[in-house]
Amino acid sequence: MLSVVLSGLRARWASFLGGFLALALGVGLLATMGLGLSATFHAPERSPQRFASSPVVVQGQDRLTLDVRRGPETVPMSQRLDRPQPVDKELVRELRTRWPLTEAGGPDAVGLDAPADEVRALVGDRAQVLTGDARRNADPDPERDAQALVGLNALLGTTGGVTAFVSVFVVASTFAFAVALRRREFGLLRTAGATPGQVRRMLLAEATALGVLASAAGCALGAAGAPLLARALVDGGLAPEWFAVGNAVWPFHLAFWTGLTVALAGAVAASRRAGKVGPTAALREADVDTDVLPLGRALLGAGLLLTGIGLLVWTYATEPSELLKRKTYTTLPMLLIGGVALLSPLLVRPVARLLRLRGAVGTLVRENSAASVRRTAAVAAPVLVTVALAGTLFGSAASVTQTRGAEAREQTAAQYVVSGAELKPVAAAALPAGAVVSPTASTSLFVRDGAEAVVKYGARAVADPAAFAELARLPVVAGDPRDLDDRSIVVNEEFERHRIGETVEIWRADGSGPVRLRVVAVLALGTGDNGPYVTRANAPGAPLDRIEASGGGAATARALEASGGTVRTAAAWAAALHPASSPQTRLGMILVLGIALVYTVIGLANTLLMATSVRGGELASLRLAGATRAQILRVVTGEAVLATAIGALLGLAVTAAVLGTLGAGLASLSAPVALVLPWAVVGAAAAVCATVAVASSALPAWRLTR
């Protein structure tokens with residue numbers, strides 16, 4: 001058996017080349033992404049800076065801790081405050097009477113040279129006592145390194161998921177099509193006495209040999225590619241300057257065994273079909289495909305498709321805001337794509353029959369495509385994957401961003417908006433007559449969500465409720481924002497308590513509270529930025545970061561410059577707040593789409609090279625029937641273009657389903673619907689697929705018709 005397998009691999013190396021490249025590339029990418037992911041789990045260990053010379057640091061509490069229910073028990077749950085609380089003045093006096101203190105950069109922490117145990121005994125639970133590397137928590141923005149890795153972790157995880165999805169699909173499709181082309185070979189083996197089990201074991205042995213070699217090569221590619229990926233992420237602004245891959249071993253194990261599993265999984269279904277081939281298949285001459293959709297594939301495809309549709313509908317009906325999140329519009333389309341791709345043999349024939357192509361060449365293209373369902377579906381499926389990924393990923397991201405920009409613009413009647421980190425209030429005397437100015441600040445509120453959780457909400461603190469009510473155009477569901485004062489709050493429908501007159505218990509951004517505030521207005525949820533709103537009295541220490549102004553014309557704009565921020569028109573501010581496409585987002589999307597496109601190119605080239613190379617008898621018959629060489633080349637390339645077009649149409653259908661559901665979700669959230677179909681990206685992906693398909697079919701056809 002082993003000698004037969006090795007002889008078969010040597011004799012048909014060209015047929016296995018595409019699967020080998022796809023699998024090796026997939027393993028290499030998985031290893032690369034795994035190495036990158038392992039580097040995002042831990043931020044670099046930095047030495048303390050603010051109190052580097054103090055062995056002990058006493059810092060105010062930087063977390064709000066409340067008791068919540070976990071089953072029958074009560075457990076503490078903590079949320080990080082926007083900034084640490086100041087150290088109690090009485091505690092500072094007690095510390096100063098015993099040891100010299102070092103104060104640096106604010107009242108939230110002091111350093112001292114004293115025995116840590118004695119300091120802890122004195123401080124008790126009034127503050128935190130930090131020693132050793134924990135003193136880093138007193139530095140400005142101590143979690144900046146970890147936060148810089150959050151987006152990178154999500155990007156690499158998404159890319160790894162897309163890699164695994166596409167590699168499984170391409171490798172399985174390659175094996176299935178290769179087995180379909182070898183029916184007569186299997187029939188000869190059965191005629192020579194081979195049993196169905198021997199045929200199946202031969203294919204599984206071929207897959208094992210291919211999987212081991214390709215996975216080993218892929219691990220070598222991953223080791224070489226990981227440093228290059230890290231440098232590209234840093235240069236593209238997706239990772240901080242210090243980011244570098246480590247020497248973790250688990251990504252290689254994960255990638256190798258995943259590659260081998262993918263190879264075997266792709267061969268299992270094909271081997272079962274091969275085992276059913278009878279001796280009479282050696283005499284088969286008809287080129288019309290039959291039994292193109294086995295029961296297992298049909299059930300799996302229908303299951304994936306129904307699951308994808310069901311999850312989209314369920315998400316829209318229960319949590320439409322989830323449709324706006326990257327993890328949703330990245331994962332759910334994969335179920336739809338997988339389902340449609342598996343069911344593609346049922347779809348390509350009716351689509352091909354619907355086309356009305358003129359002339360003898362057009363008729364042959366249409367009929368050959370409809371008759372050779374396996375070949376047409378094997379070409380259309382990878383195109384479907386690429387076009388659908390391009391349309392859903394780029395389209396959903398662009399639609400969400402554009403919607404948020406439109407929402408921000410609709411929610412203010414201001415002519416000018418000033419933005420900046422710490423703005424200075426504009427003196428009323430400096431403003432022209434008729435000008436209305438509404439300063440606000442970013443803050444946080446902590447609210448119990450039932451008895452089981454504590455939720456941290458990003459909120460805005462209003463300095464002048466009257467001016468705010470005059471300039472704001474909020475999506476009010478109930479109540480009136482003009483009633484906002486120091487004892488009330490404006491909430492959105494996400495709050496557990498969101499009825500007018502109900503009382504909400506909140507803790508402020510500095511941990512003070514609880515404070516009971518009355519609900520005076522309820523807003524639609526929108527894209528997630530609608531409230532809550534409180535007054536500055538409930539946001540102690542929050543610096544101004546936005547000033548909206550209207551009236552007074554250019555004189556108002558000049559007066560706003562004294563705030564120290566960037567003065568823009570409201571439209572320009574909304575566009576800057578939610579740019580259509582940031583370089584980081586674009587680079588991340590291109591990385592994901594590039595992987596899918598590379599796989600599609602490999603799958604198309606391998607499938608069409610194999611399929612066209614075995615059509616010598618068919619093309620010779622066309623020559624005998626009077627067809628010229630140019631006509632034959634037009635037929636072959638026309639079939640490739642038609643299959644590519646069918647795949648693109650199916651991909652656009654998946655895109656339309658995803659974007660349509662997203663639009664319905666936005667409408668249910670009372671947000672503006674601004675859907676974007678990225679025609680340029682989709683068109684470029686389809687054009688690349690068509691070019692590769694034409695070249696991969698024309699070259700072997702040209703050789704066969706010499």
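Here, residues in each chain are numbered from 1, in the same order as that chain's written sequence. It should be noted that, the model being predicted, local features are given only for residues of pLDDT at least 70 and side-chain atom pairs only at 80 or more, the latter also being counted only at that level, while totals for whole chains, interfaces and linings use all residues. As a rule here, side-chain values come from all non-hydrogen atoms in the structure, and water together with hydrogens is ignored.

(A) Spatial organisation of the overall build of the protein. Under the scheme used here, helices are H or I runs from DSSP no shorter than 4 residues and strands are E runs no shorter than 2 residues, and both carry numbers assigned from the N terminus. Regarding its fold elements, the protein presents 21 helices and 16 strands. Across its three principal axes, the protein shows a C-alpha extent of roughly 100 × 60 × 50 Å. Think of it in three bands: residues with accessible area under 20% of the maximum for their type are buried, residues over 50% are exposed, and the middle band is partly exposed, with areas taken using a 1.4 Å probe on protein chains only. For the protein, the residues scored as buried account for 48% of the 706 residues in total. Using a 1.4 Å probe, accessible areas were evaluated by the Shrake-Rupley method; residue-level cover was limited to the displayed protein chains. Summing over all exposed atoms, the protein offers an accessible surface of approximately 31500 Å²; the carbon and sulfur share of this is 60%. Neither His nor the chain ends is counted toward charge; the positive residues are Lys and Arg and the negative residues Asp and Glu. Note on charges: their place is set at NZ of Lys, CZ of Arg, CG of Asp or CD of Glu. Averaging the positions of the 65 positive and the 53 negative side-chain charges in the protein gives two centres separated by 14 Å.

(B) Structural view of the packing of aromatic side chains. When the centres of two rings from Phe, Tyr and Trp lie within 6.5 Å, Trp using its six-membered ring, the rings pair. Their planes under 30 degrees apart give stacked, over 60 give edge-to-face, and anything left gives tilted. As enumerated under the stated definition, the model contains 3 aromatic pairs in all. Considering the side-chain rings of phenylalanine 256 and tryptophan 257, the 5.1 Å spacing of their centres and the 90 degrees angle between planes classify their relative orientation as edge-to-face. When the ring of phenylalanine 468 is compared with that of tyrosine 533, the centres are 5.1 Å apart and the planes differ by 40 degrees; the resulting orientation is tilted. One end of the pair, phenylalanine 468, is in helix H15 (residues 465-471); the other, tyrosine 533, is in strand S14 (residues 533-535), with 65 residues separating them in the sequence. Comparing phenylalanine 468 with tyrosine 533 shows no difference in burial state: the two are buried.

(C) Local environment of the layout of surface pockets. Here the second largest pocket is characterised by a volume of approximately 840 Å³. Forming the boundary of the second largest pocket are 39 residues, of which Leu525, Thr527, Gly528, Asp529 and Gly531 lie nearest the centre. Residue assignment for the lining of the second largest pocket shows that the elements contributing at least two residues are helix H14 (373-410), strand S8 (436-449), strand S9 (453-462), H15, strand S15 (544-550) and helix H17 (570-577). Polar here means any residue outside two lists: the nonpolar Ala, Val, Leu, Ile, Met, Phe, Trp, Tyr, Cys and Pro, and the charged Asp, Glu, Lys and Arg; Gly therefore counts as polar. Its residues placed into classes, the lining of the second largest pocket shows 15 nonpolar, 14 polar and 10 charged. The method works on a 1 Å grid over the protein atoms by themselves. A cavity is a set of points holding a 1.4 Å probe that cannot get out, a pocket is an open set with protein on both sides within 12 Å along at least five of seven lines, and residues with an atom within 4 Å of a point line them. Grid points are joined across faces, edges and corners, and a volume is the space filled by probe spheres set on the points.

(D) Structural detail: the sheet that holds strand S1 (residues 56-59). At least two DSSP bridges between two strands are needed for those strands to be called paired. Ordered by their spatial adjacency, 4 strands build an open sheet running S4-S5-S1-S6, and the pairing between neighbours is antiparallel. The open sheet has two edge strands, strand S4 (101-103) and strand S6 (128-131), and neither has a second partner. Within the sheet, the average angular offset between the axes of one strand and its neighbour, ignoring direction, is 30 degrees. As paired elements, S4 and strand S5 (residues 109-112) share 3 bridges and run antiparallel to each other. Considered in S5, the bridge of leucine 101 is made with leucine 112. Two residues qualify as a contact provided that any one of their heavy atoms is within 4.5 Å of a heavy atom in the partner residue. Axis definition: a line fitted to C-alpha atoms, limited for helices to the stretch in contact. Angles are taken between N-to-C directions and run from 0 to 180 degrees. Contacts from helix H3 (residues 89-98) reach S1, S4 and S5, with the element oriented near 135 degrees to S4. Strand contacts of helix H4 (residues 116-123): S1, S5 and S6, with the helix running at about 170 degrees to S6, the strand carrying the most contacts.

(E) Representation of the environment of isoleucine 547. With respect to the helices and strands, the residue isoleucine 547 is situated in strand S15. Residues isoleucine 547 and proline 425, spaced 122 residues apart in sequence, show a C-alpha to C-alpha distance of 8.6 Å. In this view, isoleucine 547 contacts Tyr416, Val417, Val418, Leu423, Lys424, Val426, Val437, Ser438, Pro439, Leu560 and Ser563; residues no more than four positions away in its chain are not counted.

(F) How the structure looks around unusual backbone geometry. At serine 670, a residue that is not glycine, the phi angle is positive and equals roughly 60 degrees. Tracing the backbone through its elements, the reader meets serine 670 in the loop between helix H20 (629-668) and helix H21 (679-704).

(G) Layout of empty space enclosed by the protein. Considering all chains together, one arrives at 5 cavities of 30 Å³ or more under this definition. The computed volume of the largest cavity comes to approximately 80 Å³. Around the largest cavity, the lining residues are Ser369, Arg375, Thr376, Val379, Leu608, Thr612, Arg615, Val636, Glu639, Ala640, Ala643 and Ser697. Grouping the amino acids of the lining of the largest cavity by side-chain chemistry returns 5 nonpolar, 4 polar and 3 charged.

(H) Looking closely at a negative patch on the surface. Note that patches include only residues with greater than 30% relative accessible area and no salt bridge, and the join distances are 9 Å for like charges and 5 Å for nonpolar side chains (Val, Leu, Ile, Met, Phe, Trp, Tyr). Salt bridge, as used here: a side-chain nitrogen of Lys or Arg that lies within 4 Å of a carboxyl oxygen of Asp or Glu. Where like charges cluster on the molecular surface, the negative patch consists of Glu319, Asp449, Glu452, Glu494 and Glu496. Looking at the secondary structure, you find aspartate 449 in strand S8.

(I) Expanded view of the pattern of salt bridges. A complete count under the given rule lists 16 salt bridges for this structure. The residue arginine 126 makes a salt bridge to glutamate 94 at a minimum N-O spacing of 3.2 Å. Linking arginine 126 in the loop between H4 and S6 with glutamate 94 in helix H3, this pair joins segments that are 32 residues apart in sequence. For arginine 126, a relative accessible area of 35% puts it in the partly exposed group. With its nearest N and O atoms 3.1 Å apart, the salt bridge here joins arginine 375 to glutamate 639. Taken together, the positions of arginine 375 in helix H14 and glutamate 639 in helix H20 put the pair 264 residues apart, joining distant regions of the chain. Residues arginine 375 and glutamate 639 agree in their burial class; the two are buried.

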